[in-house]
Amino acid sequence: MEIDGNDSLEEKYLLVAKADNVKHISSLLKAVNFKDVGVCFATEHGLKIVVEDSKCVQANTFIGSEIFQEYHLNDDTVAFRIDLNTLIECLTVFDGCSTNPSSTTALKLTYKEYGSPVKLLLEEGGIITDCSLRTMEVFDILDFSIPAESTTSKIILRSSDFKDILSDIDGTSDYVEFTFSEEPQYFKILTSGIAGKCSVEIPSKSEIMEQFVCSTTITVKYKYKQIKPFLKCMNISQKTLIRTNEEGLLCCQFMVQVDSHTCYLEYFCTPIIDED
């Protein structure tokens, strides 16, 4: 299923992207939709959508150009802010409408110039709908990163198992405490809520642990409400990579398989600073 377009017009747009199945794109956007507005960056490698909260949490979803059947960019980088709720609502407009479980929704996305709206053309089963979404100016975003030389802990877990553990966390807990132990080697999750303290310790040799690297023992607290959005990412990912640095900055990367391609979701979260 494809949406045909006039190729001669593509050079008049900063961005043109076409996909035969929009489901994967909407799923990736839903996973980082914990705030209303996101920043979209388009480069030759694809789309990157950035969402931030209170300068403490940043989520990124990477949708590679190979996910699209056609992808044209007429500038080095194109950036704009957009309402994610509205974007997801448009992309899922045909959800539940078809009686054919194998039917897919095709998408053509265009962005003509800075300040112009993003236009979506969606088609399923011969029915076409078009949407126009207002874009906004891009503000400065946080520059979170953990270079390899600054990494003190790095573990890889199966997403499904890690999700089960986090799902059992006491929802009344204000924080989640992570411990990465160098010797003996383990990863521990601790919470404290109305029901009391609860902890889960995962040894480095556990079957759910694919990799464990820790150069120094570190224990860090994070707000539970900032960790909770991870669950959305684990719903669609196969593996979870967790990294920290000496300051306790947390980086979680989620690997999502889209047909024969791999997309990534990334979360950064700053720690709670205890006041002595």
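Residues numbered from 1 in each chain as written. Predicted model: local features only at pLDDT ≥ 70, side-chain atom pairs only at ≥ 80, totals over all residues. Heavy atoms only, no water.

Novice: Give a description of the pattern of salt bridges that names residues and reports values.
Specialist: Enumeration according to the criterion identifies four salt bridges in this entry. Of the charged contacts, one joins Arg-158 and Asp-161 as a salt bridge, the two residues approaching to 2.7 Å between their closest N and O atoms. Of the charged contacts in the structure, one is a salt bridge between Lys-239 and Glu-210, with a shortest N-O distance of 3.2 Å. One end of the pair, Lys-239, is in strand S17 (residues 239-245); the other, Glu-210, is in strand S15 (residues 209-214), with 29 residues separating them in the sequence. We classify Glu-210 as partly exposed; its relative accessible area is 44%. (Salt bridge = Lys/Arg side-chain N within 4 Å of Asp/Glu carboxyl O. Helix = DSSP H or I, 4+ residues; strand = E, 2+ residues; numbered from the N terminus. Buried < 20%, exposed > 50% of the residue type's maximum accessible area, 1.4 Å probe, protein only.)

Novice: Please set out the side chain of Thr-152 residue by residue, giving values where relevant.
Specialist: With respect to the helices and strands, the residue Thr-152 is situated in strand S11 (residues 151-158). Overall, Thr-152 belongs to the buried group, its relative accessible area being 6%.

Novice: I'd like a rundown of the state of the cysteines, residues and numbers included.
Specialist: Applying the stated criterion across every chain yields a total of zero disulfides. No disulfide involves Cys-90; its sulfur sits 3.5 Å from the nearest other cysteine sulfur, which is in Cys-131. Residue classification places Cys-90 among the buried residues on the basis of a relative accessible area of 12%. For Cys-269, which is in no disulfide, the shortest distance to another cysteine sulfur is to Cys-56 and amounts to 7.6 Å. (Disulfide = S-S within 2.5 Å.)

Novice: Account for the environment of Val-22, with residues named and values stated.
Specialist: Structurally, Val-22 is set in the loop between strand S1 (15-19) and helix H1 (23-30). By relative accessible area, which is 3% here, Val-22 ends up buried. If we skip the residues at most four places from it in the chain, Val-22 touches Leu-91, Thr-105 and Leu-107. (Contact = heavy atoms within 4.5 Å.)

Novice: I'd like a description of the nonpolar core, backed by residues and values.
Specialist: Core analysis: the largest hydrophobic core is formed by 73 residues, its most contacted members being Leu-120 and Phe-187. When sequence neighbours within four positions are dropped, the list of residues in contact with Leu-120 reads Leu-87, Cys-90, Leu-91, Leu-107, Lys-108, Leu-109, Thr-129, Asp-130, Cys-131 and Leu-133. Grouped together as the second largest cluster of nonpolar side chains are five residues, Phe-144, Ile-146, Leu-249 and Phe-268 included. (Core = buried A, V, L, I, M, F, W, Y, C linked by side-chain atoms within 4.5 Å.)

Novice: Would you mind going over unusual backbone geometry in detail, with residue names and values included?
Specialist: The linkage connecting Glu-183 with the following residue, Pro-184, adopts the cis geometry, with an omega of -5 degrees. Within the element layout of this structure, Pro-184 appears in the loop between strand S12 (175-181) and strand S13 (186-193). With a phi close to 55 degrees, Ser-54 is a non-glycine residue in the positive phi region. Among the secondary structure elements, Ser-54 is positioned in the loop between strand S3 (46-53) and strand S4 (57-64).

Novice: An account of the pairing of S3 is requested, with residue identities and associated values reported.
Specialist: Taken across its eight residues, S3 has six buried, putting it largely inside the fold. Bridging between strand S2 (residues 37-43) and S3 involves five bridges; their strand directions are antiparallel. Following the sheet pairing, Phe-41 is matched in S3 by Lys-48. Hairpin connection from S2 to S3: two residues lie between these consecutive antiparallel strands. Pairing of S3 with S4, which is carried by eight bridges, proceeds in the antiparallel orientation. Across the sheet, Lys-48 pairs through a bridge with Phe-62, a residue of S4. (Pairing = 2+ DSSP bridges.)

Novice: Please set out the sheet that holds strand S8 (residues 118-124) residue by residue, giving values where relevant.
Specialist: Spatially, S5-S1-S7-S8-S9 is the arrangement adopted by the five strands of the open sheet, whose pairing is antiparallel. Edge positions in the open sheet fall to strand S5 (70-73) and strand S9 (127-133), since each of these has one partner strand only. The mean angle between the axes of side-by-side strands here comes to 10 degrees, regardless of whether they run parallel or antiparallel. As judged from the five bridges shared by S1 and strand S7 (residues 106-111), these two strands associate in the antiparallel manner. Counted as the bridge partner of Ala-19 is Leu-107 from S7. Along the sheet, helix H2 (residues 84-91) contacts S7, S8 and S9; its crossing angle with S8, the most-contacted strand, is approximately 25 degrees. (Axes fitted to C-alpha atoms, helices over the stretch in contact; angles between N-to-C directions.)

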